[in-house]
Amino acid sequence: MVSEVLIPKDMPNNWSSSRLAWTRIQSRRPAPHGTSPFSRVGPRCLPQFGSFVVRSFWESPLRAVPQHVALRAVLGIRRTRSLHGPCPVTTFGPKACVLQNPQTIMHIQDPASQRLTWNKSPKSVLVIKKIRDASLLQPFKELCAYLMEENNMVVYVEKKVLEDPALLSDDHFGPVKRKFCTFREDYDDISNQIDLIICLGGDGTLLYASSLFQGSVPPVMAFHLGSLGFLTPFNFENFQSQVTQVIQGNAAVVLRSRLKVRVVKEPRGKKVAVPNGISENGVLAASLDVEVGKQAVQYQVLNEVVIDRGPSSYLSNVDVYLDGHLITTVQGDGVIVSTPTGSTAYAAAAGASMIHPNVPAIMVTPICPHSLSFRPIVVPAGVELKIMLSPEARNTAWVSFDGRKRQEIRHGDSISITTSCYPLPSICVRDPVSDWFESLAQCLHWNVRKKQAHFPEDEEDADEEGGEERAGS
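Just so you know, these numbers come straight off a predicted model, no measurement behind them.

**Describing the overall build of the protein chain**
Phase 1 of the analysis: For the protein chain, the helix and strand inventory stands at 9 helices and 26 strands.
Phase 2 of the analysis: Evaluated residue by residue, the protein chain yields a buried proportion of 47% over its 473 residues.
Phase 3 of the analysis: A separation threshold of at least 6 residues defines the contact pool for the protein chain, and within that pool the share at least 24 residues apart is 71%.
Phase 4 of the analysis: Total accessible area on the protein chain stands at roughly 24,700 Å², and carbon and sulfur atoms take up 51% of it.

**Here's the deal with the side chain of Ser390**
Phase 1 of the analysis: Along the polypeptide, Ser390 turns up in the loop between strand S22 (385–389) and strand S23 (397–401).
Phase 2 of the analysis: Here Ser390 falls in the buried class, since its relative accessible area comes to 0%.
Phase 3 of the analysis: When near neighbours in sequence (up to four residues on either side) are disregarded, Ser390 contacts Asn317, Val318, Asp319, Thr329 and His411.

**Some details on helix H8 (residues 432–442)**
Phase 1 of the analysis: Here H8 has its buried residues at Pro432, Asp435, Trp436, Ser439 and Leu440. In an axial view of H8, the angular spread of the buried residues amounts to 135 degrees, which keeps them on one side of the axis.
Phase 2 of the analysis: Those residues of H8 that are buried lie in contact with strand S13 (251–256).
Phase 3 of the analysis: For H8, the side-chain oxygen to backbone nitrogen distance between the N-cap and Val433 is 3.1 Å, and the N-cap itself is Asp431.

**Quick look at unusual backbone geometry**
Phase 1 of the analysis: With a phi angle near 55 degrees, Asp402 is a residue other than glycine that sits in the positive phi range.
Phase 2 of the analysis: We classify Asp402 as buried; its relative accessible area is 12%.
Phase 3 of the analysis: Positive phi, close to 55 degrees, is recorded for Asn447, a residue that is not glycine.
Phase 4 of the analysis: When you line up the elements, Asn447 lands in the loop between H8 and helix H9 (457–472).

**Re the pattern of salt bridges**
Phase 1 of the analysis: Following the criterion strictly, the structure yields 7 salt bridges and no others.
Phase 2 of the analysis: A salt bridge links Asp188 to Arg184, with the shortest nitrogen-to-oxygen separation between them at 3.8 Å.
Phase 3 of the analysis: On the basis of relative accessibility, which here comes to 30%, the residue Asp188 falls in the partly exposed class.

**Some remarks on the pairing of S22**
Phase 1 of the analysis: Residues Leu385, Ile387 and Leu389 line the buried face of S22, whereas the alternating positions Lys386 and Met388 sit on a face that is not buried.
Phase 2 of the analysis: As paired elements, strand S18 (residues 316–322) and S22 share 5 bridges and run antiparallel to each other. Residue pairing in the sheet places Asp319 in a bridge with Met388 of S22.
Phase 3 of the analysis: Of the pairings in the sheet, the one linking S22 to strand S25 (residues 414–419) comprises 4 bridges and is antiparallel in character. Bridging from a neighbouring strand, Ile387 pairs with Ile415 of S25.

**Section: the pairing of strand S14 (residues 259–265)**
Phase 1 of the analysis: Pairing of S14 with S25 involves 6 bridges; the strand directions are antiparallel. Each residue of the ladder has a partner; that of Val263, found in S25, is Ile415.
Phase 2 of the analysis: Across 7 bridges, the pairing between S14 and strand S16 (residues 294–301) is antiparallel. When the sheet's bridge partners are listed, Val261 is paired in S16 with Tyr299.

**Side note on a nonpolar patch on the surface**
Phase 1 of the analysis: Taken together, the side chains of Leu228, Met354, Phe437, Leu444 and Trp446 present a nonpolar region at the surface, about 430 Å² in accessible area.
Phase 2 of the analysis: Within the fold, Leu444 resides in the loop between H8 and H9.
Phase 3 of the analysis: Classification of Leu444 by relative accessible area gives partly exposed; the value is 33%.

**Concerning the packing of aromatic side chains**
The description of an aromatic ring pair uses the distance of the two centres, along with the angle that the planes make with each other.
Phase 1 of the analysis: Enumeration according to the criterion identifies 10 aromatic pairs in this entry.
Phase 2 of the analysis: Centre to centre, the rings of Phe236 and Phe239 are 4.5 Å apart; their planes meet at 10 degrees, and the pair counts as stacked. Exposure class is identical for Phe236 and Phe239. Each is buried.
Phase 3 of the analysis: Seen in terms of ring centroids, Tyr299 and Phe401 are 4.2 Å apart; in terms of plane orientation they differ by 15 degrees. Their pairing is stacked. Of this pair, Tyr299 sits in strand S16 while Phe401 sits in strand S23, and the two are 102 residues apart along the sequence. Both residues of the pair, Tyr299 and Phe401, count as buried.
Phase 4 of the analysis: Three or more aromatic residues joined by ring pairs form one cluster here, namely Tyr146, Phe223, Phe234, Phe236 and Phe239.
Phase 5 of the analysis: One residue, Arg184, lies across the ring of Tyr187, its end atom 5.0 Å from the ring centre.

**Comments concerning the nonpolar core**
Phase 1 of the analysis: Judged by nonpolar contacts, the single largest core of 34 residues is most densely connected at Val127, Phe140, Phe180, Ile198 and Val243.
Phase 2 of the analysis: For this core, the secondary-structure elements that each account for two or more residues are strand S7 (114–118), strand S8 (124–129), helix H2 (137–150), strand S9 (154–158), strand S11 (196–201), strand S12 (220–224), helix H6 (239–247) and S13.
Phase 3 of the analysis: In terms of residue count, the dominant contributor to this core is H2 (7 residues).
Phase 4 of the analysis: Among residues more than four places away in sequence, those in contact with Ile198 are Val125, Leu126, Val127, Ile128, Leu143, Leu147, Met221, Phe223 and Val243.

**Digging into the side chain of Lys141**
Phase 1 of the analysis: The residue Lys141 is located in helix H2 in this model.
Phase 2 of the analysis: If near-sequence neighbours (up to four positions away) are discounted, Lys141 is found in contact with Leu167, Asp170 and Phe173.

**Topic: the confidence of the model for the protein chain**
Should pLDDT be low for a region, the predicted coordinates there are not to be read in detail.
Phase 1 of the analysis: Here the protein chain averages 77 in pLDDT, while 68% of its residues score no lower than 70.
Phase 2 of the analysis: Taken element by element, the predicted model of the protein chain shows its lowest mean pLDDT in strand S4 (residues 52–53) (36) and its highest in strand S17 (residues 304–308) (97).
Phase 3 of the analysis: Contacts for the low-pLDDT stretch residues 48–75, under 50 throughout, to residues beyond four places or in other chains number 61 contacts.
Phase 4 of the analysis: Contacts of residues 77–81 to residues separated by more than four positions or lying in other chains number 13 contacts, the stretch itself having pLDDT below 50.

Cut-offs applied
- Each residue is numbered by its place in its chain's sequence as written, counting from 1.
- Totals for whole chains, interfaces and linings use every residue, but because this is a predicted model, local features are given only for residues with pLDDT of at least 70 and side-chain atom pairs only at 80 or more, for both listing and counting.
- Only hydrogens and water are removed before side-chain values are computed, so all heavy atoms of the structure are retained for them.
- For helices the rule is a DSSP run of H or I covering at least 4 residues; for strands it is a run of E covering at least 2, with both sets numbered from the N terminus onward.
- Three labels apply to residues, based on accessible area from a 1.4 Å probe with only protein chains included: buried if under 20% of the type maximum, exposed if over 50%, partly exposed otherwise in between.
- In this description, contact between two residues means that some pair of their heavy atoms is separated by no more than 4.5 Å.
- For accessible areas, the Shrake-Rupley method is used with a probe of radius 1.4 Å. Any residue's cover is judged against the shown protein chains and nothing else.
- By definition, the arc is the one covered by directions from the helix axis to the C-beta atoms.
- Polar contacts here mean pairs of N or O atoms no more than 3.5 Å apart (in protein, one a potential hydrogen donor and the other a potential acceptor; neighbouring residues in sequence count only if both atoms are side-chain atoms).
- Whenever Lys or Arg places a side-chain nitrogen within 4 Å of a carboxyl oxygen from Asp or Glu, that contact is recorded as a salt bridge.
- Being paired, for any two strands, means DSSP has found at least two bridges between them.
- A patch consists of residues exposed above 30% relative accessible area that lack any salt bridge, with like charges linked at up to 9 Å and nonpolar side chains (Val, Leu, Ile, Met, Phe, Trp, Tyr) linked at up to 5 Å.
- Centre distance within 6.5 Å is the pairing criterion for rings of Phe, Tyr and Trp, where only the six-membered ring of Trp is used; planes under 30 degrees apart are then read as stacked, over 60 as edge-to-face, and the remainder as tilted.
- Our definition puts a charge over a ring when NZ of Lys or CZ of Arg is within 6 Å of the ring centre and also within 35 degrees of the ring normal.
- We define the nonpolar core as a collection of buried residues of types Ala, Val, Leu, Ile, Met, Phe, Trp, Tyr and Cys that are connected through side-chain atoms lying within 4.5 Å of one another.
- Scored between 0 and 100, pLDDT is the confidence that the predictor attaches to each residue.

So, in C-alpha cells, the structure goes:
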C-alpha cells in the first residue's frame, strides 16, 4: 500500500514557533530511520504531536491544528526546540552536497510534547491484573467498581482472573462481577473492542497487554503494584483522579516501539494448532502462510527477542544478517535483539547501554560471547535483521519473545526482525523524559553512590595559605 506522509521543506532549529511549508510525497519504500508508526492507537484515540494532530496516515490527509497555546497551559512550559535536534545542513564546502532522493520519507515529531486525545469518549476498558496475587484483589475491586458505577464503562477482564477463589466467595462483589465481559487468551480476539487498557501489577502486565494486540494497541495506563515497576509509573493511592484525567483526554504519552518478528520454519510434519481461527500467539490464522513450502508466524514484541543455546552445553552458533548482508556470526550463549524499551531489561544485564524509548533504534547484544571484542551495537530502526543457524552449528537454538512462546530453531529456519509500525502508547505521569529518569533512579538505582565528602574548612584555609606562601616565594 502506498503511504502518504507530510514532511517540511525547511525545518529551522526553533520550529515550534515557526510556520512550516508542507509538501506531499509518496513512496513504497520504508523510511530509513524506521517505519512511521500508525497514529491510531485503538478505535477512539489519536496522539497529538507538537503543533499538529495526526489524523491518519492511511485514511485521510493530515490536518494542521495549532496546539501551542493549549500545550503551554497544560505543560506550564514553552518548548523552543525538538528533542530530535536541528535539521542537519546538507551542503559541505563550496561544491559538495547530499544527492536529493525523491523517495525520502521523514516522520518528524517532538517526543516531549506528544499528547493523547480522544475523538470519541472511551466506553470500554481492559483491566489486566497480575494473576495469583492476593494483594491486588482490593485494588482490582475498587478500580472496576469505579469504572462501571462512576464512569459507566464496559470492563473486560480475562476469564481466569474471575476464577480466583477469593472473588468467587465475595458476595458483595457479585453485582459488579456479573457486568464483566470476559475473554480467553489465544481464543477470543478483542483488539477492536477496547478503547483503554489499565494494568495492575508489574512490568509483566504491560508485556502481556502488548502480546494481546498484534495490531493497533489502545493507550495503556499502568499502575505500579508489582515488584519492579520500571514501565508502570502510576501509583494507585489517588487512582480516581488519575483515571478521570486520562478519560477526559489530558495525558502525555510515550510511543514505545515494538519489533515485528517473522519466524519462518521448515515443515516437519507437525501441524500448528489453530483454535477458533486464532493461532497460538494471537495472530489471526490468515497470517499463517507458506513461503516456498515453509510456514511463517508473526509476532509483535515490546522488549526483546532472545536467541540462546537452550539446554545444550555447546556454544550457540548463529549468523546475523542486516538488510541481506552477513555482518557477524554469534558464538556464545546467544544474542538479544531489543527495542529501546527492552534496553533496560535483559539487554542491560548483558552489558548494553540504556536507551530512551523515543530513540528510533534496534539493539543487538551478545550473551556471554566467546570473543572479548564483541560489544553491543545499536542499528537504525529501519533495518531488517535476519538470524539463522550457522551451517557449522553443532546444536539447535531456542528463541523467545518477551519471555513467552519459547520454541526451537533448527537448520533452515529463520527469524526476521524489524521495527513494527504499531507502537505501544504508554501514558505518562508527567512526560516521557521525566518519567524515564524517575524510573532509572527509583527502580534501577542508576548512579546511586555515597557522595564524596568535602574538605573541612580548616584544611581548605591551610591549603589556601600554603598556596599564597608558595606564590610569594
